[in-house]
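What follows is each chain in one-letter form.
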2 protein chains.
Amino acid sequence: MKIGIIGSGVVAQTLGAKLIELGHDVVLGTRDPAKLDEKKGMAGPLREWIAKTGKKGKVATFQEAAAHGDLLFNATNGQASVEALKLAAADKVGTKVLIDTGNELDVRKGMPPGALASQSNCLGERIQAAFPNLKVVKSLNTIGAPVMVAPQALAGGEHTVFVSGNDTAAKAAAAELLKSFGWKDVLDLGDISSARGPEMYMAMWLRLWGATGTGMLNIKVVR
Amino acid sequence: MKIGIIGSGVVAQTLGAKLIELGHDVVLGTRDPAKLDEKKGMAGPLREWIAKTGKKGKVATFQEAAAHGDLLFNATNGQASVEALKLAAADKVGTKVLIDTGNELDVRKGMPPGALASQSNCLGERIQAAFPNLKVVKSLNTIGAPVMVAPQALAGGEHTVFVSGNDTAAKAAAAELLKSFGWKDVLDLGDISSARGPEMYMAMWLRLWGATGTGMLNIKVVR
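Residues numbered from 1 in each chain as written. Chains lettered and ligands numbered in written order. Predicted model: local features only at pLDDT ≥ 70, side-chain atom pairs only at ≥ 80, totals over all residues. Heavy atoms only, no water.

1. Quick word on the sheet that holds strand β8 (residues 134-139) of chain A
Residues and elements named next belong to chain A.
Thinking step 1. Spatial strand order, β3-β2-β1-β4-β5-β8-β9-β10: eight strands in an open sheet with mixed pairing. Every interior strand has two partners, whereas the edge strands, β3 (58-61) and β10 (185-190), have only one. Each strand axis lies, on average, 25 degrees off the axis of its neighbour in the sheet, ignoring direction.
Thinking step 2. Direction of pairing for strand β1 (residues 2-6) relative to strand β2 (residues 25-30): parallel, over a ladder of five bridges. In the sheet register, Ile5 faces β2, and the bridge partner there is Leu28. (Pairing = 2+ DSSP bridges. Helix = DSSP H or I, 4+ residues; strand = E, 2+ residues; numbered from the N terminus. Axes fitted to C-alpha atoms, helices over the stretch in contact; angles between N-to-C directions.)

Structural data, given as structure tokens:
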């Protein structure tokens, strides 16, 4: 599948590498694709990422990545996501599935960051409202990057990932990709307003991370 | 142990009955203890609760319950909790552990209710600030009442409950009570500010409840 990833940090690079490993044709979109040697937050420079993918990974502008993908990921910082998708001209790419992995975090007051999601501030809903042509599926925002693409590396994969979105077929497409990563328990929470749940959960994740000292963690929904 | 429960709804009645079963001396505090035949939200009238406890359960005012307990529970509606604790004169009971089980829910916009917790609105923190004499431990707010006192009824008890609070001994006392209910995995999240995590998680719980159709659910933290 042709996949465009908006973003170039640790989530984008991790998802991109895994999708390439699975045989997909991936373009990773970044603000300035000429800057291949700049460190990307907690992730390394994009030149290293390209090398790591056996030179199969491509780096382009946000707009080129959005045009390339039949399916898109938002893997930008949640506070910059709507602007990045505007720069990507995501309103002009027609009907495409966008898997939104973003969280809005406030790092100004030190660690742990504050999760800014609330009943009246949900990134997934804001993206869906700003880009009605996209079929937004909120997913993967409840897990650290290493676990996203290797759920079996933690407790044999016996834990849960979530999808929220208004379009059933888009959620099925997202779930299929998730299963190809190794996810066994993909729980459909409902329409895009249900993304408030996993986004507000980020406040819990950050405390779990602090309490356990590891980002290699997740929750299993027991029912 | 002498235990005072502030509140008389389903959480209060469920905790009270279990604590009595375990041999504790429980007083349940309610706004008007004379109204024993009034239905209490989703719970039955207090006269039925008293009968159910083999007449061991006592019903009194908020203030009498707070004075009675060596350990207290807040089991009121989160939006009414600070006021209820003021009515209970909880500032005048000296140093006591208060296990706060409350959630602030907005039911005005229909179902599912909105979880009103955020980075800047945490009930546990507000109670601790309003009553510095109490050693507040946030716990049990992430689970429906039937699971609170019978964790083993769900997946053999293989799931997680949380404690947050500033006082280590108070958290240990809370954990001991939780273990007597059957909890195996009691995770200490940190000081009372870490209650933001489980309180914001309530938004997720409400969506899980909606998606699975059952309140007999919880999360297991896999790490």
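2. Regarding the relation of the copies chain A and chain B
Thinking step 1. In the superposition of chain A on chain B (RMSD 0.0 Å, axial shift 0.0 Å), the rotation amounts to 180 degrees. These values place the two chain copies in the arrangement generated by a two-fold rotation axis.
Thinking step 2. A symmetric contact is evident, with 100% of the interface residues of chain A recurring at the interface of chain B. (Least-squares fit on C-alpha atoms with pLDDT ≥ 70 in both. Contact = heavy atoms within 4.5 Å.)

3. Quick look at the interface of chain A and chain B
Thinking step 1. Each partner contributes residues to the interface: chain A has 33 residues there, and chain B has 33 residues.
Thinking step 2. Of the roughly 2,700 Å² buried between chain A and chain B, counting both surfaces, carbon and sulfur atoms make up 74%.
Thinking step 3. Of all residues in chain A, A:Met204, A:Arg207 and A:Val222 give up the largest surface area on contact with chain B, accounting jointly for 26% of the area buried on that side.
Thinking step 4. At the boundary of chain A with chain B, the tally comes to zero salt bridges.
Thinking step 5. Counting every contact that joins chain A to chain B gives five residue pairs in polar contact (both at pLDDT 80 or more).
Thinking step 6. At the level of elements, β7 (114-115), β10, α8 (196-212) and β11 (218-222) of chain A are the ones that each hand at least two residues to the side of chain A that touches chain B.
Thinking step 7. Here the side of chain A that touches chain B takes eleven residues from α8(A), the largest share from any one element.
Thinking step 8. Each residue belonging to the side of chain A that touches chain B can be placed in one class, and the counts come to 19 nonpolar, eight polar and six charged.
Thinking step 9. Pairing analysis gives five bridges linking β11(A) to strand β11 (residues 218-222) of chain B, with the strands arranged antiparallel. Bridge pairing links A:Val221 to B:Ile219 in β11(B). (Buried area = accessible area lost by both parts, 1.4 Å probe. Salt bridge = Lys/Arg side-chain N within 4 Å of Asp/Glu carboxyl O. Polar contact = N/O pair within 3.5 Å; in protein donor to acceptor, adjacent residues only side chain to side chain. Nonpolar A, V, L, I, M, F, W, Y, C, P; charged D, E, K, R; others polar.)

4. Here's the deal with helix α5 (residues 123-130) of chain B
Residue and element names in this part refer to chain B.
Thinking step 1. The set of residues buried in α5 consists of Leu123, Gly124, Ile127 and Gln128. Projection of α5 onto a plane perpendicular to its axis shows the buried side chains occupying an angular sector of 135 degrees, all on one side.
Thinking step 2. On its buried face, α5 sits against β4 (71-74), α4 (81-87), β5 (96-100), β8 (134-139) and α8 (196-212). (Buried < 20%, exposed > 50% of the residue type's maximum accessible area, 1.4 Å probe, protein only. Arc of directions from axis to C-beta.)

5. Description of the nonpolar core
Thinking step 1. Ranked by size, the top nonpolar core spans 39 residues in total, and within it A:Ile5, A:Leu15, A:Phe73, A:Leu140 and A:Trp183 carry the most contacts.
Thinking step 2. Residues B:Leu15, B:Phe73, B:Ile143 and B:Ala174 belong to the second largest nonpolar core, which totals 36 residues. (Core = buried A, V, L, I, M, F, W, Y, C linked by side-chain atoms within 4.5 Å.)

6. Concerning the pattern of salt bridges
Thinking step 1. Applying the stated rule across the entire model yields 32 salt bridges over all chains.
Thinking step 2. Residue A:Lys135 is joined to A:Asp167 by a salt bridge in which the shortest nitrogen-to-oxygen separation is 3.6 Å. You can see A:Lys135 sitting in strand β8 and its partner A:Asp167 sitting in the loop between β9 (160-165) and α7 (168-181), a full 32 residues away along the chain.
Thinking step 3. Note on A:Lys135: relative accessible area 30%, which makes it partly exposed.
Thinking step 4. The partner of B:Glu38 in a salt bridge is B:Lys40, with the nearest N and O atoms 3.9 Å apart.
Thinking step 5. Its relative accessible area of 15% is what places B:Lys40 among the buried residues.
Thinking step 6. Through salt bridges with shared partners, a single ionic network connects A:Asp100, A:Lys138 and A:Glu199.

7. Points about helix α1 (residues 10-21) of chain A
Residues and elements named next belong to chain A.
Thinking step 1. Its twelve residues place the ends of α1 16 Å apart at the C-alpha level, agreeing with the 16 Å of an ideal helix rising 1.5 Å per residue.
Thinking step 2. Counting buried residues along α1, ten of its twelve residues qualify, which places the element largely inside the surrounding structure.
Thinking step 3. Among all positions in α1, only Val11, Ala12, Gln13, Thr14, Leu15, Gly16, Ala17, Lys18, Leu19 and Ile20 are buried. (Expected span 1.5 Å × (residues − 1).)

8. Concerning the environment of B:Leu134
Residue and element names in this part refer to chain B.
Thinking step 1. Assignment of secondary structure puts Leu134 in strand β8.
Thinking step 2. Here Leu134 falls in the buried class, since its relative accessible area comes to 2%.
Thinking step 3. With 17 residues separating them along the chain, Leu134 and Pro151 place their C-alpha atoms 27 Å apart.
Thinking step 4. Sequence-distant contacts of Leu134, defined by excluding residues within four places in its chain, comprise Ala90, Val93, Gly94, Lys96, Leu98 and Gln128.

9. What to know about the environment of A:Ala175
All names here are of chain A.
Thinking step 1. Turning to its location among the elements, Ala175 is positioned in helix α7.
Thinking step 2. Here Ala175 falls in the buried class, since its relative accessible area comes to 12%.
Thinking step 3. Taking the C-alpha atoms as reference points, Ala175 and Met42, 133 residues apart in sequence, are found 27 Å from one another.

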